[in-house]
Amino acid sequence: MALAYSLPSNLAPSTVQNTASFLRIIALAFISGAAIASRLFAVINFESVIHEFDPWFNYRATKVLASQGFYEFWNWFDPTAWYPLGRVVGGTIYPGLMATSGVIYNILHALNLPVDIRNVCVLLAPGFSALTAWATYMFTKELKDESAGLLAAAFIGIVPGYISRSVAGSYDNEAIAIFLLMFTFYSWIKALKTGSAFFGTIAALFYFYMVAAWGGYAFITNMIPLHALVLILMGRFSSRLYVAYSSWYAIGTLASMQVPFVGFQPVRTSEHMAALGVFGLLQIVSFAYLVKAHVSSKQFQTLLFVSVVTIGILGTLGIVGLTYKGYIAPWTGRFYSLWDTGYAKKYIPIIASVSEHQPTAWPSFFMDLQFLVFLFPVGVVLCFRELRDEHVFVIIYALVGTYFAGVMVRLMLTLTPCVCVAAAVALSTLLDTYIDPRMPDTTDTPAPDTDRVSVAGATTSEGTPKKTKKDKTPAAEVTQKASINDFATGFEVLGSILEKDKPPRVAGLDSRIVVVGVALYLLVFFVQHCTWVTSYAYSSPSVVLASRNQDGSQHIIDDFREAYYWLRQNTREDAVVMSWWDYGYQISGMADRPTLVDNNTWNNTHIATVGKAMSSTEEVAYPILRKHDVEYVLIIFGGLMGYSGDDINKFLWMVRIAQGVWPDEIQEPNYFTPAGEYRVDAQASQTMKDCLMYKMSYYRFSNLFGGSTPVDRVRNQHLPTTGPTLDYLEEAFTSENWLVRIYQVKKEDSLGRDLKSANAFVEGKKRKRAKPPVRRKAIVASS
Amino acid sequence: MLWTSFLALLLLPLTLVSATLEAERNQLVKLAAAGNGVIKLDESTFNLLTHPKRTWSAAIQFTAMDKRRKCSPCKEFNPAWDTVAKAWTKAPTEHRNTHFFATIDFDNAQSVFQKLNLMSAPVVSVYPAAEGSRKLASGKTDPSKYDFSNGFDPAPLAEQLSHHTPIPIPYRAPINWGKVASTILSAAALLLFARFCKPVLTGRLIWVIMTVVPSLAFMGGLMFVQIRGSPWEMQNGQWLAQGHSNQYGKEVQMVAIIYGSLASAFLALVLVTPYVSPARQRVQIYTLILIIAFIYSSLLSLFRFKNRGYPFKMFFS
């Protein structure tokens, strides 16, 4: 056999094998290093700080766990959140993340390494990304081979779709969940391949860990049953499948019920019914197979078939009936909105309002996956060529994953591992084919070649496949048959591309070099892309902002922490702070003050109350504030600095959520100009100008401009030169760049006047005869 | 005797007012019945309907149906309005006559539009009852505007307006027979197809297509377009939307085709090229590589258009 280039021939096979496995270990080590290093941009550019919103709560909970121990953490009731309701933290969180950090922290301290708990939390996500790379390697190895595994590990290590949720400081459930997801899938595949209850149990244990760590565990809960169901429908039922699924389901479900937040959901909610249903189906099918193997009577088999189908239908009806009767809860809104995509906007605006719940436009896919996005379909098609049980899994995952990622930006995260795996399979097949030095045999008859060429021709001319020489004789016999058979033959010819009958061989060194060179170019480009995206888009802590000075140096904007520390230093410890729910976790984490609402959006009415206070006039809002003991109101205002994520831009959601509870009092159209625009300048509607949020945002804003027209830099609108006035609140603090503004709620006037007339008196204005009565009664009735 | 008649005399204006109101209500009921549930208003009947002492509530559609006004949303919304109003005629009489649906057209009552300072149409205002038992607890008598954020469909309209009617509007979404029929037909077609094309269905190719094509469409942003209801393209033929997180319908198609052709080129490199004769191989490889380079480069320039800050490019920017 001719070789395109020579290989050293004096090496023993064992030497080659040993070197290969050594190199693999080295490669995995480097991949882990790259995965960790590329996530440290945030720490290097800024500092070791917890990012964003949810991580602040996780961090706070971890601190409680580390300082007071697990039992205290488990029983923790937090009276400062959701004031005055409080929150039972132990029973309403997924404790996996905090427990993991707690264990790491304790191990490090046992080794006399006095690491601060904050650093454990900040660096947890990068550390786990290295583990994810390893789990992806193991998973892909089961699909193809080690080299594909290494490529997959490298992809998942640096792909922006995963980095976006796991940079240093992004201390969120997803940080560890993707590793758990991949490892559970790996052990499921392994269990399925070997039919071993051991690996089924491993899958169940990691499933339990996943349930304890992330609400997205429902993805596994439905993926594995779906895979099992498809295998059954394909006629691939086997005892391996039975053992793997039964051990995973039984142990996994029992284990998951130990998490207090999950409790009895696995037997009482629709999200989990697919797993239960497939479990039952497997029992029936395996029973049928068992009986079939032992009984030969034809009638008995018919009877068996009928009874199996009847039991199946009865079981399904039973589940449907229980759902109808209310014993099984229907799909929760969060999951339901994935199917009926208009549902959330109509009924649960609070879910629709979150930016990571928006649908994904195509640039996000390309940004997060770059060239993997078109290698991924190649890998899926190649999975069809092999089509072992584990390939079926990847195919289902690909279809389901792309759908979910399209519906919600956030779920790009669950798609990413599948894309990495499939793309790695594709690229590794390509490289295998073009690096393999064996040339095609010159003694090969050209006949099969023309066969292949005609196949290639058939690919381009859809539907009207050219007949090959071989096909012509049998085809002539069946010409009288309907053309539909022609169509079917065409499909068969096309499909035969997917059946590999002889080994692929490439001739010539130049074409090899071109193809491998292009592949290398794509890989290098990918690395550059990932580095740029990570440093540019995904490494901002959002607690600390950065801008560029005129000379190009970095300017740090630290208004958030400035304001939170002001609260911590200058207010009483039990002073209740009201803000929109986005900032609840940060206030309790950094300022350590009670909040009305926070990012754990469990109580819609409470959030709507805050929304109502923000979107009503001062007179209406004041009793609400006083009744909730609010002493300070915190808002985010970006108009001076051009920070577009501020409260005025989020304001319509506050209005909408409030409108959902008080449709008579708050109406969204009132906040628009008659022409239907959302404006804040002189043309803004009166309701808008009178509402508390507007007043607090632009209070004294015009003073900054010294008589010239004030400009809001986010909305690019010119404001009136005389700004709004406040009677019931007073400005307490405004941060350096006016990003955070804090107002103090005034106490009732000691002379019993309403604060508006009290203010007017102080300013020396004459009391008007017809003063507007404070409409307390109406508010009492409505709240 | 004298006193009682004096009292009656005192009460006379009151009873007169209520009597006239009752007459007015009867007039409105007649008008509503005549218009299939919708009162067609002009200026005087508008003032009658929104009488400051009204004991009824009213939902009024401000519209401009005349062709000259070129108000296409008005035409789009009007059927929904009529449907919901018609549904209200099925409510029991004692409730039906305490809430009215009405339509006022710009060309019949320009002065009303001017008085209310209405610049755009359609607008739906709900006037709560100002007197009597149906007066709001908060004492509010000003009209409130209906929020069109749920679209122009009758179902959300009926649901939202039901907050203002004495009993929920007995609206039921009509069964879409066309949809039912097409579902049944397509199911039958599918079964027929399965019957005759068993080799196709058990072959792999159909499943490849059924998996890969939807995946490509989803990655092209199909769900974004579905959920946001983005247009197919702009009227001036502009089909690329500005901005990183925005897109039009045509982009789904274009991007899916680009991804698809890149994937097919790679597939050909893996599945076709290694099996043909050496001479053909070389031609195929160079052609495919050129195709890949060209398409990838165009994809990058598309992405650079969407994401202005993106620093990388290949052949053309």
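Keep in mind it's a predicted model, so treat the numbers as computed, not measured. (Residues numbered from 1 in each chain as written. Chains lettered and ligands numbered in written order. Predicted model: local features only at pLDDT ≥ 70, side-chain atom pairs only at ≥ 80, totals over all residues.)

Draft legend 1. Structural detail: the overall build of chain A. When helices and strands are tallied, chain A shows 35 helices and ten strands. Among the 783 residues that make up chain A, the fraction classed as buried is 43%. In chain A, the share of contacts with a sequence separation of at least 24, taken over all contacts with a separation of at least 6, comes to 71%. (Helix = DSSP H or I, 4+ residues; strand = E, 2+ residues; numbered from the N terminus. Buried ≥ 20, exposed ≤ 12 C-beta atoms within 10 Å, placed from the backbone. Contact = placed C-beta atoms within 7 Å.)

Draft legend 2. Quick look at the overall build of chain B. What chain B contains, in helices and strands, is twelve helices and five strands. Within chain B, the fraction of its 317 residues that count as buried is 32%. Put simply, of all contacts in chain B between residues at least 6 apart along the chain, 63% involve residues at least 24 apart.

Draft legend 3. Structural detail: the interface of chain A and chain B. Opposite the 68 residues of chain A that make contact, chain B presents 71 residues. For the side of chain A that touches chain B, the secondary structure elements donating two or more residues are α19 (362-369), α20 (372-386), α21 (389-407), α22 (412-435), α23 (447-460), α25 (483-496), α26 (509-536) and α35 (776-782) of chain A. Looking at the side of chain A that touches chain B residue by residue, the class counts come to 46 nonpolar, 15 polar and seven charged. (Nonpolar A, V, L, I, M, F, W, Y, C, P; charged D, E, K, R; others polar.)

Draft legend 4. Region of the structure containing the sheet that holds strand β10 (residues 740-745) of chain A. Residues and elements named next belong to chain A. One open sheet accounts for four strands, arranged β5-β6-β10-β9; its pairing is mixed. For this open sheet the edge positions go to β5 (576-578) and β9 (729-734), each flanked by a neighbour on one side alone. Strand-to-strand twist across the sheet, computed as the mean angle between neighbouring axes with direction ignored, equals 30 degrees. Relative to β10, β9 is paired through five bridges, and the arrangement is antiparallel. Following the sheet pairing, Thr-734 is matched in β10 by Arg-741. (Pairing = 2+ DSSP bridges. Axes fitted to C-alpha atoms, helices over the stretch in contact; angles between N-to-C directions.)

Draft legend 5. Representation of the UniProt feature "transmembrane region" (unreviewed entry) in chain B. Under the UniProt annotation, the feature "transmembrane region" (unreviewed entry) is placed at residues 175-193, 205-227, 254-273 and 285-305 of chain B. What you have in residues 285-305 of chain B is 100% helix and 0% strand, and the ends, taken at the C-alpha atoms, are 30 Å apart. (UniProt positions renumbered as here; feature names shortened; annotations may be inferred.)

Draft legend 6. Summary view of the UniProt feature "domain: STT3/PglB/AglB core" (unreviewed entry) in chain A. The UniProt entry lists residues 574-632 of chain A under the feature "domain: STT3/PglB/AglB core" (unreviewed entry), expressed in the numbering used here. A distance of 11 Å separates the end C-alpha atoms of residues 574-632 of chain A, which is 51% helix and 10% strand.

Draft legend 7. Molecular detail of the pairing of strand β6 (residues 630-636) of chain A. Residue and element names in this part refer to chain A. β6 sits mainly inside the fold: seven of its seven residues count as buried. Relative to β6, β5 is paired through three bridges, and the arrangement is parallel. Residue pairing in the sheet places Met-578 in a bridge with Val-633 of β6.

Draft legend 8. Examining the nonpolar core more closely. Within the largest apolar cluster, 244 residues are counted, with the highest numbers of intra-cluster contacts made by A:Met210, A:Ala422, A:Ala423 and B:Phe266. Sequence-distant contacts of A:Met210, that is, excluding residues within four places in its chain, are made with A:Ala177, A:Leu180, A:Leu181, A:Thr184, A:Tyr217 and A:Ile220. Within the second largest apolar cluster, 36 residues are counted, among which are B:Leu28, B:Ile39, B:Ala158 and B:Leu161. (Core = buried A, V, L, I, M, F, W, Y, C linked by C-beta atoms within 7 Å.)

Draft legend 9. Inspection of unusual backbone geometry at higher detail. All names here are of chain A. In the segment running from Tyr-83 into Pro-84, the intervening peptide bond is cis, with an omega of 0 degrees. Along the chain, the position of Pro-84 falls in the loop between β1 (77-78) and β2 (87-88). Backbone geometry at Asn-112 places phi at a positive 60 degrees, although glycine is not the residue there. Given 6 C-beta atoms within 10 Å, Asn-112 falls into the exposed group. Even without being glycine, Arg-700 reaches a positive phi, approximately 60 degrees. Relative to the helices and strands, Arg-700 resides in the loop between α33 (692-698) and β7 (711-712).

Draft legend 10. Quick look at the domain arrangement of chain B. According to the domain assignment, chain B contains domain 1 (28-161) and domain 2 (220-306). Placing the centre of domain 1 of chain B and that of domain 2 of chain B at their C-alpha centroids yields a distance of 50 Å. (Domains from an automatic or database assignment.)

Draft legend 11. Examining the domain arrangement of chain A more closely. Each assigned domain of chain A is listed with its residue range as follows: domain 1 (197-330) and domain 2 (559-782). The distance between the C-alpha centroids of domain 1 of chain A and domain 2 of chain A comes to 52 Å.

Draft legend 12. Summary view of helix α12 (residues 239-256) of chain A. Residue and element names in this part refer to chain A. In a regular helix each residue adds 1.5 Å, so 18 residues correspond to 26 Å; α12 covers 25 Å between its end C-alpha atoms and thus fits that length. Where α12 is concerned, the buried positions are Leu-241, Val-243, Ala-244, Tyr-245, Ser-247, Trp-248, Tyr-249, Gly-252, Thr-253 and Ser-256. Tucked inside the fold, the buried residues of α12 contact α9 (174-194), α10 (197-213), α11 (218-233), α13 (265-268) and α14 (273-294). (Expected span 1.5 Å × (residues − 1).)

Draft legend 13. Inspection of α14(A) at higher detail. In this model α14(A) runs 32 Å from its N-terminal to its C-terminal C-alpha over 22 residues, within 8% of the 32 Å that 1.5 Å per residue would give. Residues of α14(A) that are buried sit in contact with α11, α12 and α15 (298-325) of chain A.

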